[in-house]
Number of protein chains: 2
Amino acid sequence: MLIGGIEAGGTKFIYGISTSEGEIIDKQTCSTETPEMTLKTVVDYFMDKEISALGIGSFGPIDLKLGSPTYGYITSTPKPYWGNTNIVGYFQEKLQVPIGFDTDVNGAILAESLWGSCKDLKNCCYITIGTGIGGGILVENQLVHGILHPEIGHILVKQHKKDSFEGSCPFHQDCLEGLASGPAIEKRWGCTGSQLPTNHITWEFEAYYIAQLLVSLILTVSPQRIVLGGGVMHQKQLLPLIHEQVKTLLNGYIKVPQILNDIKDYIVSPSLEDNAGFLGAIALGKSVI
Amino acid sequence: MLIGGIEAGGTKFIYGISTSEGEIIDKQTCSTETPEMTLKTVVDYFMDKEISALGIGSFGPIDLKLGSPTYGYITSTPKPYWGNTNIVGYFQEKLQVPIGFDTDVNGAILAESLWGSCKDLKNCCYITIGTGIGGGILVENQLVHGILHPEIGHILVKQHKKDSFEGSCPFHQDCLEGLASGPAIEKRWGCTGSQLPTNHITWEFEAYYIAQLLVSLILTVSPQRIVLGGGVMHQKQLLPLIHEQVKTLLNGYIKVPQILNDIKDYIVSPSLEDNAGFLGAIALGKSVI
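About the criteria used
- Residues numbered from 1 in each chain as written.
- Chains lettered and ligands numbered in written order.
- Predicted model: local features only at pLDDT ≥ 70, side-chain atom pairs only at ≥ 80, totals over all residues.
- Heavy atoms only, no water.
- Pairing = 2+ DSSP bridges.
- Helix = DSSP H or I, 4+ residues; strand = E, 2+ residues; numbered from the N terminus.
- Contact = heavy atoms within 4.5 Å.
- Axes fitted to C-alpha atoms, helices over the stretch in contact; angles between N-to-C directions.
- Domains from an automatic or database assignment.
- Buried area = accessible area lost by both parts, 1.4 Å probe.
- Salt bridge = Lys/Arg side-chain N within 4 Å of Asp/Glu carboxyl O.
- Polar contact = N/O pair within 3.5 Å; in protein donor to acceptor, adjacent residues only side chain to side chain.
- Nonpolar A, V, L, I, M, F, W, Y, C, P; charged D, E, K, R; others polar.
- Parallel < 35°, antiparallel > 145°, perpendicular 65-115°, else oblique.
- Left-handed = near helix turned anticlockwise from the far one by under 90°.

Draft legend 1. Just the sheet that holds strand β8 (residues 124-129) of chain A, in detail. Residues and elements named next belong to chain A. Here we have five strands laid out as an open sheet, ordered β10-β9-β8-β11-β12, and mixed in their pairing. Of all strands in the sheet, those with a lone pairing partner are β10 (142-143) and β12 (267-268), marking the two edges. Docked against the sheet, helix α3 (residues 104-115) engages β8, β9 (133-139), β10 and β11 (225-229), running at close to 50 degrees with respect to β9.

Encoded structure:
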């Protein structure tokens, strides 16, 4: 049985097919242009693939409320052309297969809990730090939806004392995404993060901001493990700085051995590596078979 | 069938009996002294009450992990005498009835979802702003536990520009609880909040800090409704200021009508009023029948 998956990102779409056990058979990439161009490229790919189900993990905000007139839409994204796009409807009409739909990051945490570093954990989070900052959350084996879905990239954070950058979020200026996303690093220094030395102060800033998000997650949903992915996390010096900052900020308040003694096994890189998002889409497809 | 309930608070214990439908038959209060004194007072009360189950909603941190050697304990609280107290074991031994145990605020949100302002909602939060700040969270009808339980009072917040108070939290200094709890107000101004005028700037500070918590909750667990209780919320001028601040801070990013148009019905006072905590304990007792 083949499952199709689409990781719909703001920069690129990754799409392909896999077995229901998460073994990838084929995977393609195209850049995110207008919905007309990009969705056409992707649907053409699937036309002869005989998939039993399709999973779509999308950038947000999206409408996940079954029965809503805009269920399956990308809704109020600031990304040009993509506001109000009926992404599920488009593929449903052309492919006529069941479609599992959620945020890219909710997909990713589902995949990590099925096949990755959160295997068999019922409470865990996947965070991506890249062009945007987002998170998927599993609570008692259920993806968190509620009134919308998690949008944790936009929580407010305390600014680092040495950081005078005004922030880059069009909605909130100096929220987490406005201070710590890839574009925020680029706007602050005039070059990308990968062009900065590994001992540059920007990594201290990043660790401070990301640690505030993790502390907030720990104090709110109390995950059993947190997975940190996304382009900014490719900077290998960053994860140890984050471990240290989380412990500093919590200051011994949460007395569990996972945090006090084993934080390297508690806040981890995606074991599915850069396939976490794509396998997330596969996991969403698997969930509707 | 009678259910016993104990709301174990840092300042006082409220205990009594109720029907399984949440109709209170009797309710008593005693101040929180040492475990020896207070637990004895409470257990003596229940001795002749013929309850079928007992619910305990407790201040934290507590151990909720079934099978843990310290399950049912109040663990690392800074409250003198109460660290490492086996509260469930104590009542189990003396009363020999099934005991439901959780944080006071997880109990409260369960009660609000059974009998109060969150009736029939599967995703909702109860926050108390008082001697401490805490929150209970229901996700898809399940109380959030994870590695521990929510401890949202200690999230980090941006300090209000006009507020130079250094904070009062022994662990984190200027975390939310350190800036916005009842004792923080008292330490900041040298008098209790209820002694300050209703147009005092402290209420602007409170609204700013509490709104940051609510924004963080909205962006993380996306609740369908949030209930705000606790002593500080008795200041009636505060809730409208919080409504306004939440909208200001989110700045239109979360486009759901509940926030954009109906925020007064979205962030509400406990409809169970000051019984939310006690009925929370009853709800926890009901859950183990």
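After that view of the structure, there is still more to cover.
Draft legend 2. View of the domain arrangement of chain A. All names here are of chain A. The domain boundaries assigned to chain A delineate domain 1 (2-103 + 274-286) and domain 2 (117-269). Distance from the C-alpha centre of domain 1 to the C-alpha centre of domain 2: 26 Å. In this complex, domain 1 contributes 12 residues to the contact, which on the side of domain 2 involves 11 residues. Buried surface at the junction of domain 1 and domain 2, summed over both partners, amounts to about 780 Å²; 56% is from carbon and sulfur atoms. In terms of surface lost to domain 2, no three residues of domain 1 exceed Leu64, Asp102 and Thr103, which account for 34% of the buried area on that side. Our count for the domain 1 to domain 2 interface comes out at zero salt bridges. Put simply, domain 1 and domain 2 have four residue pairs in polar contact (both at pLDDT 80 or more) between them. When residues of the side of domain 1 that touches domain 2 are traced back to their parent elements, those giving at least two are β7 (99-103) and α10 (276-286). Here the residues of the side of domain 1 that touches domain 2 sort into six nonpolar, three polar and three charged.

Draft legend 3. Seen up close, the interface of chain B and chain A. Contact residues are listed per partner, giving 42 residues for chain B and 42 residues for chain A. Summing the contributions of chain B and of chain A, the shared interface buries around 4100 Å²; its carbon and sulfur component is 64%. Linking chain B with chain A are two salt bridges, by the criterion used here. The shortest N-O distance in the salt bridge between B:Lys158 and A:Asp174 comes to 2.9 Å. Among the secondary structure elements, those contributing two or more residues to the side of chain B that touches chain A are β9 (133-139), α6 (201-220) and α7 (238-250) of chain B. Looking at the side of chain B that touches chain A element by element, the count peaks at five residues for α6(B). Considered class by class, the residues forming the side of chain B that touches chain A number 21 nonpolar, 16 polar and five charged.

Draft legend 4. Seen up close, the packing of helix α6 (residues 201-220) of chain A against helix α7 (residues 238-250) of chain A. Residue and element names in this part refer to chain A. For the pair α6 and α7, interaxial distance at closest approach is 8 Å and the crossing angle is 55 degrees. Considering their axes alone, α6 and α7 lie oblique with respect to each other. Where α6 crosses over α7, the two elements pack in a sense that is right-handed. Across the interface between the two elements, Trp203, Glu204, Glu206, Ala207, Tyr208, Ile210, Ala211, Gln212, Leu214, Val215, Ile218 and Leu219 of α6 pack against Leu238, Leu241, Ile242, Gln245, Val246, Leu249 and Leu250 of α7. Taken together, the residues of the contact of α6 with α7 sort by class into 15 nonpolar, two polar and two charged.

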